[in-house]
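# Descriptive structure summary
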Amino acid sequence: MPSSDYDPASLPDLLPLYYRRLFPFSQYYRWLNYGGVQKNYFQNREFSFTLKDDIYVRYQSFTTQNELEKEMQKMNPYKIDIGAIYSHRPNQHNTVKSGTFQALEKELVFDIDMTDYDDVRSCCSAADICCKCWTLMTIAIRILDRALREDFGFQHLLWVYSGRRGVHCWVCDEAARKLSVAARSAVAEYLSLIKGGEETVKKVVLTDPIHPFIRESLAVVERYFPRYALQEQDILGRKESVDKVLSLVPEDILFTVYLWLQSLFLQATAKKGQYFEKEIMLQYCYPRLDVNVSKGVNHLLKSPFSVHPKTGRISVPINLKELDVFDPFAVPTISLICEELDRKKENNTESSGRSLAQKGKMVKTYYYKRTTLAKYVKYFDQFLDAMARSWKGELLRKSDLQKEF
Amino acid sequence: MQFMSRQKKLLPNSHTELYGQCLQFYGQPPLENIALSEFETFAVERLKLLKTVENLGVSYVKLSEQYTKKLDQESKNLNFPYRADADDRKSQSGPSEIEKRRKDHISHFILRLAYCQTEDLRRWFIQQEVDLFRYRFSYLSSKQKLEFLHKNNLQYDAISVEEKKALQDKLVNSSYAVSGITVEDQDFYKVPFQDALDLVRTRKVYLKAGYVYIPHQDIVTIILNDFRTRLSKALALTARSLPAVHSDERLQPLLNHLSHAYVGQDYSIQKNVGKISLEQIDSLSGKSFPLCMRQLHQALRENHHLRHGGRMQYGLFLKGIGLSLEQALQFWRSEFIRGKVDADKFDKAYAYSIRHMFGKEGKRTDYTPYSCMKVILSNPPSQGDHHGCPFRHSDPELLKQKLQFYKVSPSGISQILELVKGMHYQLACQKYFELTHNIEDITFSLNHPNQYFVESQKVLGGGKDIKREMDTPQRSQENSGRGSAAAREAAAAANASQHLAEMTEELDSFFQDA
């Protein structure tokens, strides 16, 4: 597989090509400008770059798409993070009177990291992932996406593969961007069911009545659970994991549990007040969020289309319509797409030269279309189109208010 | 002040209009003149009330019978209003209900001046005022509650009967308190979720498309949220006008003293820097660290790593017991290097945050070690974390094993577990202190991990130096100097400054007893 050819040492050579030819700047700007509805929205946005040798620079900001392109092509950042929209241009924050430079708005974000599931996955640990435990991400996305849309009413959600071991969600609705710290933390806690650290054995406790949110989430888990936990993770197959499962069951029915468990999971019947089989399923599969990531308005999060320096994978948006077949190992690496670009270039040099001469003017060539990155950018475009419809409405409303005819 | 002509209208008889309701949002500041002595008394008494609110909130479930009874008593003793129908007819002596409400109004605004200056002070003040408000609100009838809503411009829409029927199951299953009958009998209101964060956070309500559906009976949470937000904004505004207030020399000493009195020592000023060597830490962790820090230290030694929450809680504690920045860097570095982190990575990634803790980076805020309240109430630990309060955050079974491992007697363990069950986490920690130091009854009320350490060192006899430094009363050294000089200067008459001195003594002793 070409992706396994990625070598972190080649980043300095690949990044310039990536930022010159492949990074989808116009879509990126279109996103972060949010239709120009609010003044200086793009200009006041903080970016942070991690450069070669782990040099980290914060409070980067840009006035135009062009400036952003030029800077990124000059600096060739290894990592890009997106922060908040501030009251002033971040790159001028030192000139602002102390106390008045403040983070005002930002997308509501979520970060699901596979390491947070280490206590319940047997196939991998730490930074590793495989197709067996990737199902956990699928479950997490389904549950959270449903809740954010149906319960909270958000519409513009961008799910992004982090490049190694997790996914991020960017909620881009205007209402989401304006949420306070307290509101973000409340949303994150509403979505949290797993409580407790190293010192807690039983991390999910359900009591009557079961909230509709939990029911909906359980429905998702139950769809995936039999195949995932019993086959892929094989939680009843080895003594240690059986013991782990048993430690979550109340003592007074322990003696019948071993025979009982498998059929209980599959039937999903609940005795009144005894929800332990649901609790077990949830403890194994329910998404684990880091509330601190979601809480802060000024929190910096890895940017979509950023490269993951260790794996070389591009942080691509995930199309939820194809979620069940999403394969993190098929996500293009920077070396792959650079290679694809080279290949195509060789084949096309003659024809592209001719078309330029014929048209007599510069035609903007979207090089990413020649690579595996294309379909992800296309999906991103669709996401932006949907949002654009709401910006149009906003702009109309604003001009009405100002009585501009 | 400026509104001379208007003041003529605000005579005592218009107080009846101003103070028509027992409860208020404190939207309008008082506009009358009051005597300096009244200013001082009002402020101190409200502070006592809020301190009681805080203590009761830690020891009892809020709004439980014991909680309300004790708070009723304290409100009565201090002459604050708490119930619309309370005692107005009965009391012959003592202030009238209107006078109590006036005191309530004025004292609130005075304390705003004292508590708006830092994030910590604001957070504390808001928390106690919200709890006080919740307690008083619980005494209003449904009619009075509705009146309150409308008077304060909280108009939320009720949903139609058809919609209620359609959502009936979901509504019943969303809240323990909502039954089929509730749905039939009561109006349900559609409220944007941003206005009902407490209910959303605890998932005690039905949420659909960004709106929560709240029965009339639960409107209180909305109101509390609104109160909290308004107060928060108001405090930010107050902070900006503070320089003008501080220029009045009569007020400055009192306000300073008030704001330092609430929390006692916050261990922000490092004493005994460098008196502790790194080699002592292992043995100190067993003898003088509270359980939370002992746990963190052990996890650090075992895993050669701690996550962010643990680094903050433990790192600041170590700063509080006297580790210097150099020592701290050496301590963390040597431990992390034994793990997966190499020296380079440590210097790049972790050293920065340690220097940050000591106020040498970024905002240069000198972070203060976490109090028990902060450890218990904020940032609960999740997978992979070891911070938090073990009495609050650990599984009782695991806590028991841990105490057994630390050789606490079985009877002691069950006493501790009883306290934990009753949610008396700090009392449980005090019990742990008593058991591990072999003393019967400790003389202090535990509210800070560093306090635990200092008291432990005292008991174990290391204490002469430490004891001397403990004797400086609970205010920072610079302010006490400023305060007394200003008082001497500003006091027009000798008895004014004497009054202040008496009151500050009284305040000190009150808080030491607490």
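Note that the structure is a prediction, hence the values are computed from the model and not measured.

### Some thoughts on the overall build of chain A
- Within chain A, the regular secondary structure consists of 13 helices and eight strands.
- Counting over 405 residues, chain A shows a buried share of 55%.
- Carbon and sulfur atoms make up 51% of the accessible area of chain A, which totals about 18500 Å².

### What to know about the interface of chain B and chain A
- Each partner contributes to the interface: chain B provides 33 residues, whereas chain A provides 39 residues.
- When chain B packs against chain A, the two sides together hide about 2700 Å² of surface, and 53% of this comes from carbon and sulfur.
- Our count for the contact surface shared by chain B and chain A stands at three salt bridges.
- Salt-bridge contacts for K348(B) lead to D54(A); the nearest nitrogen and oxygen are separated by 3.9 Å.
- Connecting chain B to chain A are ten residue pairs in polar contact (both at pLDDT 80 or more).
- Elements with a contribution of two residues or more to the side of chain B that touches chain A: helix 8 (161–174), helix 10 (197–201), strand 3 (206–208) and helix 21 (396–405) of chain B.

### Considerations on the packing of helix 21 of chain B against helix 22 (residues 410–421) of chain B
All names here are of chain B.
- Orientation of helix 21 relative to helix 22, taken along the N-to-C sense of each, is 150 degrees, at an axis distance of 10 Å. By the angle between their axes, helix 21 is roughly antiparallel relative to helix 22. Between helix 21 and helix 22 lies a crossing whose hand is right-handed. Two secondary-structure elements touch here, helix 21 through P396, L399, K400, L403 and Q404 and helix 22 through I413, I416, L417 and V420.
- Counted by class, the contact of helix 21 with helix 22 contains seven nonpolar, one polar and one charged residues.

### Brief notes about the nonpolar core
- Ranked by size, the top nonpolar core spans 179 residues in total, and within it Y18(A), W31(A) and L191(A) carry the most contacts.
- The element contributing the most residues to this core is helix 4 (residues 131–151) of chain A, with eleven residues.
- Those residues within four positions of W31(A) in sequence are excluded, and the remaining contacts are I82(A), E107(A), W170(A), C172(A), P304(A), F380(A), L384(A), M387(A) and W391(A).
- By size, the runner-up hydrophobic cluster in this structure holds 55 residues, among which are L318(B), I321(B), L329(B) and F358(B).

### Focus: the sheet that holds strand 7 (residues 166–171) of chain A
Residues and elements named next belong to chain A.
- With antiparallel pairing, the three strands of this open sheet are ordered in space as 5-7-6. Two strands close off the open sheet at either side, each with one partner strand: strand 5 (108–113) and strand 6 (157–161). Strand-to-strand twist of the sheet, defined as the mean angle between neighbouring strand axes without regard to direction, takes the value 15 degrees.

### Focus: the UniProt feature "binding site: [4Fe-4S] cluster" (unreviewed entry) in chain B
Residue and element names in this part refer to chain B.
- Per the UniProt record, the feature "binding site: [4Fe-4S] cluster" (unreviewed entry) sits at C292, C372, C389 and C429. Spanning 138 residues, the named residues form one tight spatial group whose C-alpha atoms are at most 10.0 Å apart. Looking only at the residues we just named, the largest cavity is lined by C292, C372, C389 and C429.
- Summarising the element assignment, C292 is placed in helix 15 (residues 291–303).
- For C292, a relative accessible area of 9% puts it in the buried group.
- Ignoring any residue separated from it by four or fewer positions in sequence, one finds C292 in contact with Q313, G388, P390 and P449.
- Within the element layout of this structure, C372 appears in helix 19 (residues 372–377).
- C372 gets classed as buried once you look at its relative accessible area, which sits at 11%.
- Those residues within four positions of C372 in sequence are excluded, and the remaining contacts are Q426, L446, N447, H448 and P449.

### Details of the pattern of salt bridges
- One pass over the full model with this rule turns up 35 salt bridges over all chains.
- With a shortest N-O distance of 3.2 Å, D116(A) and R307(B) are connected by a salt bridge. Of this pair, D116(A) sits in the loop between strand 5 and helix 4 while R307(B) sits in the loop between helix 15 and helix 16 (308–321), on two different chains.
- Among the charged side chains, a salt-bridge network with shared partners connects R46(B), D104(B), E129(B) and R136(B).

### Brief notes about empty space enclosed by the protein
- Across all of its chains, the model carries five cavities of 30 Å³ or more by this definition.
- Put simply, the parts of the chain that give the lining of the largest cavity at least two residues each are helix 19, helix 20 (390–393), helix 23 (425–437) and helix 24 (449–459) of chain B.
- The class makeup of the residues in the lining of the largest cavity is 13 nonpolar, one polar and no charged.
- A volume near 70 Å³ is recorded for the second largest cavity.
- E199(A), P381(B), H387(B), H393(B) and S394(B) are, among the 14 residues lining the second largest cavity, the residues nearest its centre.

### Side note on the pairing of strand 5 of chain A
Residue and element names in this part refer to chain A.
- Burial of strand 5 is extensive: six of the six residues sit out of reach of the surface.
- Alternating positions in strand 5 separate into two faces, L108, F110 and I112 on one and V109, D111 and D113 on the other, with burial throughout.
- With six bridges connecting them, strand 5 and strand 7 associate as antiparallel partners. Within the sheet, the bridge partner assigned to D111 lies in strand 7 and is H168.

Each value, and the rule that gives it
Residues numbered from 1 in each chain as written. Chains lettered and ligands numbered in written order. Predicted model: local features only at pLDDT ≥ 70, side-chain atom pairs only at ≥ 80, totals over all residues. Heavy atoms only, no water. Helix = DSSP H or I, 4+ residues; strand = E, 2+ residues; numbered from the N terminus. Buried < 20%, exposed > 50% of the residue type's maximum accessible area, 1.4 Å probe, protein only. Areas by Shrake-Rupley, 256 points an atom, 1.4 Å probe, with all protein chains shown as cover. Contact = heavy atoms within 4.5 Å. Buried area = accessible area lost by both parts, 1.4 Å probe. Salt bridge = Lys/Arg side-chain N within 4 Å of Asp/Glu carboxyl O. Polar contact = N/O pair within 3.5 Å; in protein donor to acceptor, adjacent residues only side chain to side chain. Axes fitted to C-alpha atoms, helices over the stretch in contact; angles between N-to-C directions. Parallel < 35°, antiparallel > 145°, perpendicular 65-115°, else oblique. Left-handed = near helix turned anticlockwise from the far one by under 90°. Nonpolar A, V, L, I, M, F, W, Y, C, P; charged D, E, K, R; others polar. Core = buried A, V, L, I, M, F, W, Y, C linked by side-chain atoms within 4.5 Å. Pairing = 2+ DSSP bridges. UniProt positions renumbered as here; feature names shortened; annotations may be inferred. 1 Å grid on protein atoms, 1.4 Å probe; cavity = no way out; pocket = protein on both sides within 12 Å on 5 of 7 lines; lining within 4 Å. Points joined across faces, edges and corners; volume = space filled by probe spheres on them.

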